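Commentary on secondary and tertiary structure
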Amino acid sequence: MDINLELYKVFYYVATTLSFSEASRQLFISQSAVSQSVKTLEKKLGHTLFIRSTKKVFLTPEGELLLRHVKPAIQMLDEGESLLSGDTLKGQLRIGASDTICRYFLIEYFRKFHQAYPDVRVKVTNSTSIGCVELLEKGQVDLIVCNSPNSRLGTHTRVQVLKDFHDIFVADPNCFAFRHLPCSFSDLMQYPILMLSSKSTTSEYLYHTFALHDLKLLPEVELNSNDLLMDLARIGLGIACIPDYMLSPADSLKPIPMTEVLPSRQLIMVQNDNLPVSQAAERFLELF
């Protein structure tokens, strides 16, 4: 089938940005030209590649299948041109991670990478650890950094452990007079618990851990931000459960001594084995 490579290039930019306007900006062509190129490619292939709505663009199953093959081809061509021209590393690094992991762990690595490779665009997509797996499976990011265990991770992934950590319960000592210290999980149930939403790996992990002790965890508050949980705990609204690496010694919040220690978890770097890793992603992996 004789199809102009430029059509695949336009498809690649629309599929990776999920935006016709952003693709036109990056390709330096009009949005109508982008739309026409996609229509031409769809006609030649005999398949609809995108579902278009007034506000969003989604890949069809056929579009996702095509992207898995087009993406490595386009990236390899770009990298080959860069190597032949003797240019410094260019391209794009696409990372998926939660706001907590970005702020308290990845930010220093982003700084080092940007200093070493200033011409590489770093795109960070913020999502929960569960949502990041979906981004990786769809080819919308090159790498993800997420919590483990993660029930959504499939078998076609390559995992690198970056850091071990513990989840801790924290509170302002001036706001709560604990009857017994150290506390048991059962003792904690008498106080308002502040947790991440049920759609997070952290909540899955906590519900499972408490169930192993025949306890049904009933949080007072469920939010999507660990930082906001800490803010609410600082004003005495409850006891927050957070990763230990978030808490600084100077914070007014203090860890609650526990008779039962929560099992350790890990921060992991994950890549999709079905897709080749870009040169920019390889350089980022080297930092670890």
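Residues numbered from 1 in each chain as written. Predicted model: local features only at pLDDT ≥ 70, side-chain atom pairs only at ≥ 80, totals over all residues. Heavy atoms only, no water.

1. Section: the packing of helix α2 (residues 20-27) against helix α3 (residues 31-45)
Defined as follows: All axes are obtained by fitting lines to C-alpha atoms, using only the stretch in contact for helices, and the reported angles, taken between N-to-C directions, cover 0 to 180 degrees. Helix numbering and strand numbering both begin at the N terminus, where a helix is a DSSP run of H or I of at least 4 residues and a strand a DSSP run of E of at least 2. Each angle receives one of four descriptions, namely roughly parallel if under 35 degrees, roughly antiparallel if over 145, roughly perpendicular if within 65 to 115, and oblique otherwise. Contacts are assigned to residue pairs with any non-hydrogen atoms lying within 4.5 Å of each other. Residues were grouped as follows: Ala, Val, Leu, Ile, Met, Phe, Trp, Tyr, Cys and Pro as nonpolar; Asp, Glu, Lys and Arg as charged; and all remaining residues, including Gly, as polar.
At their nearest, the axes of α2 and α3 sit 8 Å apart, and the two run at 110° to each other. Put simply, α2 runs roughly perpendicular to α3. Of the residues in α3, those touching α2 at Phe-20, Ser-21, Ala-23 and Ser-24 are Gln-31, Val-34, Ser-35 and Val-38. Its residues placed into classes, the contact of α2 with α3 shows 4 nonpolar, 4 polar and no charged.

2. Notes on the confidence of the model for the protein chain
For clarity, the cut-off: For every residue, the predictor assigns a confidence score, pLDDT, that lies between 0 and 100.
Taken residue by residue, the protein chain gives an average pLDDT of 90. The fraction at 70 or more is 97%. At the level of individual helices and strands, the protein chain shows its lowest average pLDDT in helix α4 (residues 61-85), which scores 82, and its highest in helix α9 (residues 226-234), which scores 97.

3. Quick notes on the sheet that holds strand β11 (residues 254-255)
What counts, and what does not: Two strands pair if DSSP finds at least two bridges between them.
With mixed pairing, the 5 strands of this open sheet are ordered in space as β9-β8-β10-β7-β11. At either end of the open sheet lies a strand with only one pairing partner, and these are β9 (221-223) and β11. In the packing of helix α8 (residues 201-212) onto the sheet, the strands contacted are β7 (167-171), β8 (193-196), β9 and β10 (239-243), and the crossing angle to β8 comes to about 130°.

4. Focus: the nonpolar core
Short version of the rule: By convention a nonpolar core is built from buried Ala, Val, Leu, Ile, Met, Phe, Trp, Tyr and Cys residues, the set being connected through side-chain atoms within 4.5 Å. Type-normalised accessible area, obtained with a 1.4 Å probe on protein chains alone, sets the label of each residue: buried when under 20%, exposed when over 50%, and partly exposed for intermediate values.
If you look at the biggest cluster of nonpolar residues, it comprises 35 residues, and the most contacted ones within it are Leu-93, Leu-106, Leu-143, Ile-242 and Phe-284. If you tally residues by element for this core, the top one is helix α5 (residues 99-116), at 6 residues. Those residues in contact with Ile-242 that sit more than four places away from it in its chain are His-166, Asp-167, Ile-168, Val-170, Asn-226, Met-230 and Leu-247. Counting 22 residues, the second largest nonpolar core, distinct from the first, contains Phe-20, Val-34, Phe-50 and Val-57.

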